[in-house]
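Descriptive structure summary
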Amino acid sequence: MTIYNFSAGPAVLPKEVLKKAQAELLDYAASGMSVLELSHRSSEFADIIEQAERLLRDLMGIPDNYKVLFLQGGASTQFSMLPLNLAKGKKAYYVVAGSWGKKAYTEAVKLAKSFPFEPLLLASSEEDNFRQLPSFKADEIDPEAAYVHVTTNNTIEGTALYDLPATNGVPLVADMSSNILAFDYRVEDFGLIYAGAQKNIGPAGVTVVIVREDLLNSEPTLSSMLDYRIQADNGSLYNTPPTFAIYLAKLVFEWVKDLGGLQEMEARNREKSGLLYDFIEQSDFYQSPVRYQKERSLANIPFVSPSPDLDAKFIKEAGLAGFKNIKGHRSVGGMRASLYNAFPLQGVKDLIDFMARFEAENS
Ligand SMILES: *Cc1c(COP(=O)(O)O)cnc(C)c1O
């Protein structure tokens with residue numbers, strides 16, 4: 001039986017990448033050592049992290065005046081590292097369009113009790129259960145503020161931000177964890193981008209931060225580990241980095257490049273998600289909670305059947321048929337198909353066949 005992994009993260013990785021890692025596992029580049037055993041100060045690892053950065057710069061078109069950092073602590077650590085570095089003594093605005101954006105804002109409010117800055121909720125669609133993106137006017141934003149924080153893809157709720165908002169000249173900061181490398185954003189439109197790797201970049205354990213140099217903090221922050229400038233000055237090698245995760249990310253970047261880069265990824269993701277959205281739309285049985293077509297995520301597609309009991313039955317039978325991890329997030333229920341870059345088109349077609357059969361048997 002073919003297994004399709006719909007997990008929202010850690011998520012499916014390209015088979016080619018896993019095979020390459022397997023082939024190189026015991027002896028990396030004729031070093032007689034595994035990547036897992038290499039010193040982060042070795043010339044072999046220096047090559048790996050340099051290539052990873054170069055490939056990512058190439059794929060995303062990252063301009064020279066941006067630093068690329070490979071950090072630890074997940075996207076969640078960025079919820080406090082970001083204001084610690086960028087917002088001292090300033091206002092910081094949050095656009096809350098989903099559970100992760102809410103967490104980013106909540107962490108900022110918590111930090112503001114002990115660190116001088118002013119987190120402000122610019123807009124939220126929580127009252128509407130995040131079924132659509134919230135809106136705001138640029139002139140509500142103080143031009144002296146540190147940043148406006150957005151989430152480009154709401155992993156749990158299935159919406160995404162494609163038309164970036166005007167921010168009155170204030171840098172836009174994005175949590176891009178679930179659609180980095182899946183949609184072709186322009187890095188110049190952001191002051192800072194961060195993303196946990198475990199959705200589209202590689203395994204869990206590394207977090208990518210892309211930051212415009214002029215936004216780097218001028219004074220040291222609370223801790224060296226949480227200091228963008230120190231991390232940048234040390235080429236992400238201030239302490240021992242997650243070497244194997246960075247190596248796998250490098251392999252994924254090579255894979256994306258070989259396939260044709262981000263435009264090709266975006267086209268494939270449009271095709272995959274389009275098939276599933278079209279099927280859901282024509283069905284009287286399944287429904288998408290997302291209100292507007294233009295805000296639909298290419299990466300995470302939540303849907304429900306007519307009842308929670310049928311949802312449970314669907315998840316059970318889907319699992320037995322090889323469609324794994326399709327249960328929706330515990331906070332929203334229903335189902336969720338995460339169709340990241342490495343998820344194959346055939347898996348979407350097979351899922352649609354399964355959904356049609358389930359509908360015929362249960363309606
Ligand atoms: C998964 C996810 C996170 C959390 O990432 P961690 O690396 O587990 O901290 C944050 N934001 C978004 C948008 C996510 O999808």
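Procedures and definitions
Residues numbered from 1 in each chain as written. Predicted model: local features only at pLDDT ≥ 70, side-chain atom pairs only at ≥ 80, totals over all residues. Heavy atoms only, no water. Near = heavy atom within 4 Å. Polar contact = N/O pair within 3.5 Å; in protein donor to acceptor, adjacent residues only side chain to side chain. Areas by Shrake-Rupley, 256 points an atom, 1.4 Å probe, with all protein chains shown as cover. Helix = DSSP H or I, 4+ residues; strand = E, 2+ residues; numbered from the N terminus. Nonpolar A, V, L, I, M, F, W, Y, C, P; charged D, E, K, R; others polar. UniProt positions renumbered as here; feature names shortened; annotations may be inferred. Axes fitted to C-alpha atoms, helices over the stretch in contact; angles between N-to-C directions. Parallel < 35°, antiparallel > 145°, perpendicular 65-115°, else oblique. Contact = heavy atoms within 4.5 Å. Core = buried A, V, L, I, M, F, W, Y, C linked by side-chain atoms within 4.5 Å. Buried < 20%, exposed > 50% of the residue type's maximum accessible area, 1.4 Å probe, protein only. Domains from an automatic or database assignment. Pairing = 2+ DSSP bridges. Phe/Tyr/Trp six-rings, centres within 6.5 Å; stacked < 30°, edge-to-face > 60°. Lys NZ or Arg CZ within 6 Å of the ring centre and 35° of its normal.

A word on the site of the ligand
In the region of the ligand, 13 residues are neighbours, and Ser-76, Thr-155, Asp-175, Gln-198 and Lys-199 sit closest. A distance of 3.0 Å separates an oxygen atom of the ligand from a polar atom in the backbone of Ala-75. When the ligand is considered free in solution it has 390 Å² of accessible area, and contact with the protein chains removes 88% of it. With 4 residues, helix 3 (residues 74-86) is the largest single contributor of residues to the shell around the ligand. Within the shell around the ligand, the residues separate by chemical class into 3 nonpolar, 8 polar and 2 charged.

Structural notes on the UniProt feature "modified residue: N6-(pyridoxal phosphate)lysine" (unreviewed entry) in the protein
Following the UniProt record, one finds the feature "modified residue: N6-(pyridoxal phosphate)lysine" (unreviewed entry) at Lys-199. One can find Lys-199 in the loop between strand 9 (192-196) and strand 10 (207-212).

Digging into the packing of helix 7 (residues 261-282) against helix 9 (residues 345-362)
At a minimum axis distance of 9 Å, the contact between helix 7 and helix 9 shows a crossing angle of 10°. In this view, helix 7 runs roughly parallel relative to helix 9, as classed from their interaxial angle. Facing helix 7, whose interface residues are Glu-271, Lys-272, Leu-275, Leu-276, Phe-279 and Ile-280, helix 9 presents Leu-345, Val-348, Lys-349, Leu-351, Ile-352, Met-355, Ala-356 and Glu-359. Residues belonging to the contact of helix 7 with helix 9 are distributed by class as follows: 10 nonpolar, no polar and 4 charged.

Focus on the nonpolar core
Note on soluble globular proteins: their nonpolar side chains tend to be buried together. Core analysis: the largest hydrophobic core is formed by 90 residues, its most contacted members being Met-60, Phe-253, Leu-276 and Phe-314. Among the elements that line this core, the one with the most residues is helix 6 (residues 243-259), at 10 residues. When we break this core down by domain, the ones giving at least three residues each are domain 1 (15-258) and domain 2 (260-362). Filtering out sequence-adjacent residues up to four positions away, Phe-314 remains in contact with Tyr-286, Phe-303, Ile-326, Met-335, Leu-351, Phe-354, Met-355 and Phe-358. Residues Ala-75, Leu-84, Ala-92 and Val-96 belong to the second largest nonpolar core, which totals 29 residues.

Focus: the pairing of strand 4 (residues 118-124)
The sheet contact formed by strand 3 (residues 91-96) and strand 4 spans 6 bridges and is parallel. Of the residues in strand 4, the one forming a bridge with Tyr-94 is Leu-121.

Brief notes about the environment of Glu-126
You can see Glu-126 is positioned in the loop between strand 4 and strand 5 (147-151). Its relative accessible area of 35% is what places Glu-126 among the partly exposed residues. Between the C-alpha atom of Glu-126 and that of Val-208, which follows or precedes it by 82 residues, the distance is 28 Å. One polar contact links Glu-126 to Lys-102, side chain to side chain, over a distance of 2.8 Å.

Points about the UniProt feature "domain: Aminotransferase class V" (unreviewed entry) in the protein
UniProt feature "domain: Aminotransferase class V" (unreviewed entry): in the numbering of this structure it lies at residues 3-350. What you have in residues 3-350 is 34% helix and 16% strand, and the ends, taken at the C-alpha atoms, are 11 Å apart.

Digging into the packing of aromatic side chains
Evaluated as defined, the whole model comprises 23 aromatic pairs. Each ring, one from Tyr-4 and one from Phe-343, has its centre 6.0 Å from the other, and the planes form 45°; the classification is tilted. Of the two residues, Tyr-4 is situated in strand 1 (residues 4-5) and Phe-343 in the loop between strand 13 (335-338) and helix 9; the sequence distance between them amounts to 339 residues. Judged by centre distance (6.2 Å) and plane angle (45°), the rings of Phe-6 and Phe-323 are tilted. Of this pair, Phe-6 sits in the loop between strand 1 and helix 1 (15-24) while Phe-323 sits in strand 12 (residues 323-324), and the two are 317 residues apart along the sequence. Across this residue pair, the class does not change: Phe-6 and Phe-323 are buried. A connected cluster of aromatic rings, assembled from ring pairs, spans Tyr-4, Phe-6, Phe-279, Phe-285, Tyr-286, Phe-303, Phe-314, Phe-323, Phe-343, Phe-354 and Phe-358. Here the guanidinium or amino end of Arg-296 rests over the ring plane of Tyr-277, the centre of that ring lying 4.0 Å away.

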